[in-house]
Amino acid sequence: MYIILVYDVNVARVGKVLKIARKYLNWVQNSVLEGELTEATFRALKFDLERIINPEEDSLLFYVLRNRKYAKRELIGVKKGGEEWIF
């Protein structure tokens, strides 16, 4: 499955969240990562992140695309990082 993670967390936890997320996904731009994961790896990512965040003030948003075939990404402006999305 293809996962896009968008996060909005307290500044005290941003570095920790990014460090964990980059173990699993490719950094795309500020607070956005994406990549191909298995079900088990996706569960591990969520477990690791849930241990770091404060659900009272932080949010993690996962877009789960079962098939990249119908997904499309367009960029306007400066490319901030990460791997190219190759089909």
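For clarity, every value in this text was computed on a predicted model and none was experimentally measured. (Residues numbered from 1 in each chain as written. Predicted model: local features only at pLDDT ≥ 70, side-chain atom pairs only at ≥ 80, totals over all residues. Heavy atoms only, no water.)

Caption draft 1: Structural detail: the nonpolar core. Core analysis: the largest hydrophobic core is formed by 15 residues, its most contacted members being L5 and L25. Broken down by secondary-structure element, the contributors of at least two residues to this core are β1 (2-8), α1 (14-24) and α2 (39-50). If sequence neighbours within four positions are ignored, L5 has contacts with A21, L25, S31, V32, L33, L49, L60, L61 and F62. (Core = buried A, V, L, I, M, F, W, Y, C linked by side-chain atoms within 4.5 Å. Buried < 20%, exposed > 50% of the residue type's maximum accessible area, 1.4 Å probe, protein only. Helix = DSSP H or I, 4+ residues; strand = E, 2+ residues; numbered from the N terminus. Contact = heavy atoms within 4.5 Å.)

Caption draft 2: Geometry of the packing of aromatic side chains. Across all of its chains, the model carries one aromatic pair by this definition. Pairing F42 with F62 gives two aromatic rings, centres 5.3 Å apart and planes at 75°, and the pair type is edge-to-face. You can see F42 sitting in helix α2 and its partner F62 sitting in strand β4 (residues 59-65), a full 20 residues away along the chain. Its end group placed over the ring of F42, K46 keeps NZ or CZ at 4.3 Å from the ring centre. (Phe/Tyr/Trp six-rings, centres within 6.5 Å; stacked < 30°, edge-to-face > 60°. Lys NZ or Arg CZ within 6 Å of the ring centre and 35° of its normal.)

Caption draft 3: Fine view of the environment of K80. Locating K80 in the fold gives a position in the segment after β4. K80 sits 23 residues away from E57 along the chain, and the two C-alpha atoms are 26 Å apart.

Caption draft 4: Broad picture of the pairing of strand β2 (residues 26-29). In the sheet, β2 pairs with strand β3 (residues 32-36) via three bridges, with the strands oriented antiparallel. Considered in β3, the bridge of N26 is made with E34. Once β2 ends, the chain turns through two residues before running back antiparallel as β3, passing S31 with a positive phi of about 65°. (Pairing = 2+ DSSP bridges.)

Caption draft 5: Geometry of the packing of α1 against α2. One can describe the packing of α1 onto α2 by two numbers: an axis separation of 10 Å at closest approach and a directional angle of 170°. Regarding the angle of α1 to α2, the classification is roughly antiparallel. In this structure, α1 uses V17, I20, A21 and Y24 to contact α2, whose residues at the interface are T41, A44, L45, D48 and L49. (Axes fitted to C-alpha atoms, helices over the stretch in contact; angles between N-to-C directions. Parallel < 35°, antiparallel > 145°, perpendicular 65-115°, else oblique.)

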